[in-house]
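# Structural overview for review
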Amino acid sequence: MKYFYFLSLCCALIFSGCTNDSNENGTIYLGGQINNPETDFVVISKENKIIDTLFLDAKNQFGKNYPKLEAGIYTFNHPPESQIMYMEPGDSVLIYLNTLSFDESLNFSGAGAEKSNFLLDMFLKNEQNNDLILTYYKIAPSEFARITDSIRQQRINKLNTLSEDREFSEEFLEVARASIDYEYFDLRERYTFLINKYRRDYRDQIPEDFNNYRKEIDFNNRELQDYYVYTNFIDDYLRSKAIEYCTRTHNEHKDCYNINSYKNIERRMILIDSLSNIESLKNEFLDRLATLAIVNSEKVSRIDSILQLLKDIEYTHIEEARDLAEIQKVYLNGQSLADLWAVNTSGKELKYGEIINKPTVTYAWSLYAPAHHRWQHNIISSLRDKYPQVDFIGVNVDINEREEWLRTLETFGYDKSFEYQIARRQITKDSYRRYLNKLFFVNKDAIIVKGDIQFGNTDFEEELEKFIAK
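What comes next is a walk through the structure. (Residues numbered from 1 in each chain as written. Predicted model: local features only at pLDDT ≥ 70, side-chain atom pairs only at ≥ 80, totals over all residues. Heavy atoms only, no water.)

### Let's talk about the pairing of strand 15 (residues 448-454)
Test applied: When DSSP finds at least two bridges between two strands, those strands are taken to pair. Each helix is a run of H or I in the DSSP string that is no shorter than four residues. Each strand is a run of E no shorter than two, and both are numbered from the N terminus.
Alignment of strand 14 (residues 438-442) against strand 15, held across 4 bridges, turns out to be antiparallel. Its bridge partner lying in strand 15, L439 is registered against I453. Hairpin connection between strand 14 and strand 15: a loop of 5 residues separates the two successive antiparallel strands, and A446 in this loop has a positive phi of roughly 70 degrees.

Dropping the structure here:
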């Protein structure tokens, strides 16, 4: 059925005059169709820079020729989802996807599409690894080494078989081989972290050469800077090295494994600044780490320390960090939320002092992170049943998007009696969206008791019970 659909789509685009002789003149053609679109456009970018925005027609199709694009990894974004693809001059690629199952339905067809399909397959296998690693770390290091060696060889064999039939360019083969290598590196990096944190009985069994791959890391690979396998590995590497530095200098106390602590985040920022010369890649990490450090700060002095570090390393987005710092100063422990405004589902504007009358946990969510807000609300729903003595209030941060907010509440069946949207704020939506993993424990007088809690923290319920007991 999918093959028939692709054939129909190709024919429709060809007969509508969308394609041309891109294979002959070295241009790249990109087109396709989106079922159940979330928006009326797609965005093509490379190296964190937007190349083009293509709007969907009445049939939810799009298409365009590009005469001057270089070979490499591109990001295809249909907000809020995105995926990577690989294109070279002469390619003519059609994309099909259904937003109800974005990654699983996504498929590429046409001349050159097999390169993107290979990377997509790698992505899906890498997603499976995310689940498997939670089982893998319970096995001995020698067995884990055997499994990861086997996974790597399977990927290499598949690539070799495909390249025999497809005659891939050497440029693509370098990217494909790197994708296999960094998946392998990341599996070992994550295993090392989990063993050191949870299975110290296995620590002495890790072979001396287990992490030798670290000698092969290139932190300045421009071709891979858009590639999630590469950036995920760097992220895990920075985490591991920060912990190693902490245990080496502080005799390994448990705080070394708190990856949201200021010292851990500070070390990771210093590391990425020293390791990479690619500004866009460096900023991808610094943006996220600076945000994490600032929104978890509990004192003005800590915020000032973060800003000073960013200034010292000549962070290019420091003004945005300063803006975020000003917001966070309103949300420090001991600060009152009583005079801040929100609007309920009936359209009535209320102050938090009117909303909060017992121990409360507030969390922020956005329409533009659907998978995230579904995950948040699922967690909150179970907590609401388990801790009836606490109110759990969802605060939507998409200012002035009331109709979309109400429609989302209906679509997902969220309990409207606990849902509000921020109101009367001058800060941009983007700034508030940096708080999507943040939780505030607030007492009955609307005073923040604890504000450095993140969704997904393993000690979340322990901290919640301490809050309830106060």
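After presenting the structure, the write-up continues.
### Let's talk about the packing of helix 8 (residues 262-275) against helix 10 (residues 300-312)
Rules: Between the N-to-C directions of two axes lies an angle of 0 to 180 degrees, each axis being a line fitted to C-alpha atoms and, for a helix, fitted only over the stretch in contact. Any angle between 65 and 115 degrees counts as roughly perpendicular, while under 35 counts as roughly parallel, over 145 as roughly antiparallel, and the rest as oblique. Whether two residues touch is decided by their heavy atoms; if any such pair falls within 4.5 Å, the residues are in contact. The residue classification treats Ala, Val, Leu, Ile, Met, Phe, Trp, Tyr, Cys and Pro as nonpolar and Asp, Glu, Lys and Arg as charged. All others, Gly included, are polar.
Two numbers describe how helix 8 lies on helix 10: the axes approach to 11 Å, and their chain directions differ by 10 degrees. By the angle between their axes, helix 8 is roughly parallel relative to helix 10. On helix 10, the residues that touch Y262, E266, M269 and I270 of helix 8 are R302, S305, I306, L309 and L310. Within the contact of helix 8 with helix 10, the residues separate by chemical class into 6 nonpolar, 1 polar and 2 charged.

### Here's the deal with the state of the cysteines
Quick reminder of the rule: Defined by distance alone, a disulfide is two cysteine sulfur atoms within 2.5 Å.
Applying the stated criterion across every chain yields a total of 1 disulfide. Sulfur-sulfur distance for the disulfide between C246 and C256 comes to 2.0 Å. In this structure, the disulfide formed by C246 and C256 twists by about -75 degrees around the S-S bond and is classed as left-handed. Of this pair, C246 sits in helix 7 (residues 228-250) while C256 is found in the loop between helix 7 and helix 8, placing the two residues 10 residues apart along the sequence.

### Observations concerning the pairing of strand 2 (residues 41-46)
Spelled out, the test is: The rule is simple: take the accessible area with a 1.4 Å probe, protein chains only, and divide by the maximum for that residue type; under 20% is buried, over 50% is exposed, in between is partly exposed.
Taken across its 6 residues, strand 2 has 5 buried, putting it largely inside the fold. Two elements, strand 2 and strand 3 (residues 49-55), share 6 bridges in a ladder whose sense is antiparallel. Bridged to V43 within strand 3 is T53. Count of turn residues in the strand 2/strand 3 antiparallel hairpin: 2 residues, of which E47 carries a positive phi of about 55 degrees.

### As for the pattern of salt bridges
Quick note on the threshold: Here a salt bridge means any side-chain nitrogen of Lys or Arg lying within 4 Å of a carboxyl oxygen belonging to Asp or Glu.
A full pass over the atoms with the stated rule returns 30 salt bridges. K416 is the salt-bridge partner of E410, the closest N and O atoms lying 2.3 Å from each other. A salt bridge links E463 to K466, with the shortest nitrogen-to-oxygen separation between them at 3.9 Å. Note that E463 and K466 are positioned in helix 16 (residues 460-469) at a spacing of 3 residues, about one turn of the helix. Here the residues in one salt-bridge network are E189, R214, K241 and E244, joined through shared partners.

### Some points on the layout of surface pockets
So the rule is basically this: Two kinds of site are reported from a 1 Å grid over the protein atoms alone, namely cavities, where a 1.4 Å probe fits but cannot get out, and pockets, open sets with protein on both sides within 12 Å along at least five of seven lines, and residues are called lining when an atom falls within 4 Å of a point. Grid points are joined across faces, edges and corners, and a volume is the space filled by probe spheres set on the points.
Taken as a whole, the second largest pocket spans an internal volume of roughly 760 Å³. Residue lining of the second largest pocket: 26 residues in total, with E38, P80, P370, R374 and F412 positioned closest to the centre. Across the lining of the second largest pocket, the residue classes tally to 11 nonpolar, 7 polar and 8 charged.

### Structural notes on the sheet that holds strand 3
If you walk across this open sheet you meet the 4 strands as 3-2-5-6, and the pairing is antiparallel. The open sheet has two edge strands, strand 3 and strand 6 (81-87), and neither has a second partner. When strand polarity is set aside, the average angle formed by the axes of neighbouring strands in this sheet is 25 degrees. Note that strand 5 (residues 72-78) and strand 6 share 7 bridges and pair antiparallel. Paired with G72 across the two strands is M87, which belongs to strand 6.

### A closer look at the packing of helix 10 against helix 11 (residues 318-328)
The N-to-C vectors of helix 10 and helix 11 enclose an angle of 180 degrees; their axes lie 11 Å apart at closest approach. Between helix 10 and helix 11, the interaxial angle falls into the category roughly antiparallel. In contact with I303, L307, L310 and K311 of helix 10, helix 11 contributes I318, A321, R322, A325 and Q328.

### As for the nonpolar core
Cut-off, in case you're wondering: Put simply, buried Ala, Val, Leu, Ile, Met, Phe, Trp, Tyr and Cys residues joined by side-chain atoms within 4.5 Å make one nonpolar core.
Of all hydrophobic cores here, the largest spans 103 residues; its most connected members are F76, I95, Y227 and L310. Residues within four places of L310 in sequence aside, it is in contact with M269, A290, Y315, I318 and A321.

### Brief notes about empty space enclosed by the protein
With a probe scaled to a water molecule rolled over the atoms, the places where space remains empty come into view. Taken as a whole, this structure holds 1 cavity of 30 Å³ or more when the rule is applied. By volume, the largest cavity amounts to about 200 Å³. For the largest cavity, the lining is made up of 15 residues, of which Y331, Y352, A364, V395 and F440 are closest to its centre. At the level of secondary structure, the elements contributing two or more residues to the lining of the largest cavity comprise strand 11 (360-365) and strand 14. The element best represented in the lining of the largest cavity is strand 11, accounting for 3 residues. A breakdown of the residues in the lining of the largest cavity according to their chemical character gives 12 nonpolar, 1 polar and 2 charged.

### Let's talk about the packing of aromatic side chains
The line we're drawing: Two aromatic rings, drawn from Phe, Tyr or Trp (for Trp, its six-membered ring), form a pair once their centres lie within 6.5 Å of each other, and the interplanar angle then sorts them: stacked below 30 degrees, edge-to-face above 60, tilted otherwise. For a lysine, the NZ atom is tested; for an arginine, the CZ atom; a charge sits over a ring if that atom is within 6 Å of the ring centre and within 35 degrees of the ring normal.
Under the definition given, this model contains 26 aromatic pairs. Centroid distance F144 to F210: 6.3 Å. Interplanar angle 40 degrees. Geometry classified as tilted. Of this pair, F144 sits in helix 5 (residues 141-166) while F210 sits in the loop between helix 6 (170-198) and helix 7, and the two are 66 residues apart along the sequence. Note on accessibility: F144 and F210 belong to one class, buried. Ring-pair connections join several aromatic residues into one group, and the members of that group are Y182, Y184, F185, Y213, F219, Y230, F233 and Y237. The lysine or arginine in question, R239, covers the ring of F193, its NZ or CZ lying 3.8 Å from the ring centre.

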